[in-house]
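Structural overview
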Amino acid sequence: MKVLVVDDNPINRLLPIAWLKRLGCEAEESAGGADALAKLAAGGIDAVLLDLSMPEISGTEICRRVRAMPGGGKIRIIAYTAHAVPEAFEEFRSAGFDDVLIKPVTRDALLGALGGLEPGG
């Protein structure tokens, strides 16, 4: 599984990337919306951990654009935020997200959001 971690704060990308690699995933990172969209358009990404609050393009807008891409419906998109309350989860799902994780994320929560990926692939 290849996962793209998108967050404008490099510290917030470190831990998820380390966990993903330990789980046997290929992990890429992106610091912003335009770069993330380019990587997603190039293909080969199975899942995205996507920060909602970014300066350039919001995570919600990135999600909408990905869903509009050919094959975009097959990519698992997980909202990654420090500012959401459980009541907002349905709104995020309506925007096209498959799941929502609240920062700081735990390894088990990440694993669950990715669909229970087993260690080693």
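Below is a short write-up of the structure. Not measured: the values here are computed from a predicted model.

If you look at the biggest cluster of nonpolar residues, it comprises 23 residues, and the most contacted ones within it are Val48, Leu50 and Phe97. Of all the secondary-structure elements, those providing two or more residues to this core are strand S1 (2-6), helix H2 (33-42), strand S3 (47-51), helix H3 (59-68), strand S4 (76-81) and helix H4 (89-94).

Take the environment of Glu26 next. Within the secondary structure, Glu26 is located in strand S2 (residues 26-30). Along the backbone, Glu26 and Asp46 are 20 residues apart, and their C-alpha atoms lie at a distance of 9.8 Å. For Glu26, the contacting residues outside a window of four places in its chain are Met1, Lys2 and Val3.

On to H3, then. By the burial criterion, the buried members of H3 are Gly59, Thr60, Ile62, Cys63 and Val66. The buried side chains of H3 occupy one side of the element, clustering within an arc of 160° when seen end-on. Buried residues along H3 sit against H2, S3 and S4.

Here Lys103 lies in the loop between strand S5 (99-102) and helix H5 (107-113). Polar contacts involving the side chain of Lys103 include one to the side chain of Asp7, which spans 2.7 Å. Filtering out sequence-adjacent residues up to four positions away, Lys103 remains in contact with Asp7, Asn12, Asp51, Tyr80, Thr81 and Ala82.

This brings us to the packing of aromatic side chains. The full count for this structure, using the stated rule, is one aromatic pair. A ring pair is formed by Phe92 and Phe97, whose centres lie 6.3 Å apart and whose planes are at 85°; its orientation type is edge-to-face. One exposure class covers both Phe92 and Phe97, and it is buried.

Here the focus is the sheet that holds S5. Strands belonging to one sheet form pairs held by backbone hydrogen bonds; the direction of such a pair is parallel or antiparallel. A sheet is described by the order of its strands in space; here five strands give the open sequence S2-S1-S3-S4-S5, paired in parallel fashion. For this open sheet the edge positions go to S2 and S5, each flanked by a neighbour on one side alone. Averaged over all pairs of adjacent strands, the angle between their axes in this sheet comes to 20°, without regard to strand direction. One ladder, built from five bridges, connects S3 with S4; its direction is parallel. The partner of Leu50 across the bridge, within S4, is Ala79. Contacts from H2 reach S1, S2 and S3, with the element oriented near 145° to S2.

Okay, the pattern of salt bridges next. Applying the stated criterion across every chain yields a total of 11 salt bridges. Asp99 is paired through a salt bridge with Arg93; the nearest N and O atoms lie 3.4 Å apart. According to the relative accessible area criterion, Asp99 is buried, its value standing at 17%. Note on Arg93: relative accessible area 35%, which makes it partly exposed. Salt-bridge contacts for Arg107 lead to Asp108; the nearest nitrogen and oxygen are separated by 3.6 Å. Here the salt bridges do not stand alone but share partners, grouping Lys2, Glu26, Glu28, Asp35 and Lys39 into one network.

What counts and how
- Residues numbered from 1 in each chain as written.
- Predicted model: local features only at pLDDT ≥ 70, side-chain atom pairs only at ≥ 80, totals over all residues.
- Heavy atoms only, no water.
- Core = buried A, V, L, I, M, F, W, Y, C linked by side-chain atoms within 4.5 Å.
- Buried < 20%, exposed > 50% of the residue type's maximum accessible area, 1.4 Å probe, protein only.
- Helix = DSSP H or I, 4+ residues; strand = E, 2+ residues; numbered from the N terminus.
- Contact = heavy atoms within 4.5 Å.
- Arc of directions from axis to C-beta.
- Polar contact = N/O pair within 3.5 Å; in protein donor to acceptor, adjacent residues only side chain to side chain.
- Phe/Tyr/Trp six-rings, centres within 6.5 Å; stacked < 30°, edge-to-face > 60°.
- Pairing = 2+ DSSP bridges.
- Axes fitted to C-alpha atoms, helices over the stretch in contact; angles between N-to-C directions.
- Salt bridge = Lys/Arg side-chain N within 4 Å of Asp/Glu carboxyl O.

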